[in-house]
Amino acid sequence: MLPFVLIGLSLVLLGIVGLQFMYLFYLDRVYRERKKYLQFLEHKSDQLAEQLEAANEQIAEQNQLLEAAY
């Protein structure tokens, strides 16, 4: 009777270890996806900063033209 209990217990522990490995792989995948998304957001932020700087330069030029006209 004891060998069957020990076999059952070892199978349960093996199942728990399997679930932990699956969860570990899931967390690793989520981490990689978040890292990739963060890189995308940083790239988009750089693009938007460049657009903002260009818009500020254009506004400054327009203000200079308006001051010169008046």
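Here goes a summary of the coordinates provided. Bear in mind that the values here come from a model prediction, so they are computed numbers and not experimental data.

**Quick word on the overall build of the chain**
Counting its secondary structure elements, the chain contains one helix and zero strands. Expected size for 70 residues packed as a compact globule is a radius of gyration near 11 Å; at 30 Å, the chain overshoots this value by more than 25%. By residue count, 1% of the 70 residues in the chain fall in the buried class. Taken as a whole, the chain presents about 7000 Å² of accessible surface, with 66% of it coming from carbon and sulfur. One finds the centroid of the 6 positive side-chain charges in the chain at a distance of 21 Å from the centroid of its 9 negative side-chain charges.

**Regarding a nonpolar patch on the surface**
On the surface, Met1, Leu2, Val5, Leu6, Leu9, Val12, Leu13 and Ile16 cluster together into a nonpolar patch covering about 820 Å² of accessible area. Within the secondary structure, leucine 9 sits in helix 1 (residues 2–69). Leucine 9 sits in the partly exposed class, given a relative accessible area of 46%.

**Quick word on a negative patch on the surface**
Where like charges cluster on the molecular surface, the negative patch consists of Glu42, Asp46, Glu50, Glu53, Glu57 and Glu61. Among the secondary structure elements, glutamate 50 is positioned in helix 1.

**Brief notes about the environment of leucine 2**
Within the fold, leucine 2 resides in helix 1. Classification of leucine 2 by relative accessible area gives exposed; the value is 58%. In sequence terms leucine 2 and leucine 19 are 17 residues apart; their C-alpha atoms lie 26 Å from each other.

Procedures and definitions
Residues numbered from 1 in each chain as written. Predicted model: local features only at pLDDT ≥ 70, side-chain atom pairs only at ≥ 80, totals over all residues. Heavy atoms only, no water. Helix = DSSP H or I, 4+ residues; strand = E, 2+ residues; numbered from the N terminus. Rg over C-alpha atoms; globule rule 2.2 N^0.38 Å. Buried < 20%, exposed > 50% of the residue type's maximum accessible area, 1.4 Å probe, protein only. Areas by Shrake-Rupley, 256 points an atom, 1.4 Å probe, with all protein chains shown as cover. Lys, Arg positive; Asp, Glu negative; His and termini not counted. Charge placed at Lys NZ, Arg CZ, Asp CG, Glu CD. Patch = residues over 30% accessible without salt bridge, like charges linked within 9 Å, V, L, I, M, F, W, Y side chains within 5 Å. Salt bridge = Lys/Arg side-chain N within 4 Å of Asp/Glu carboxyl O.

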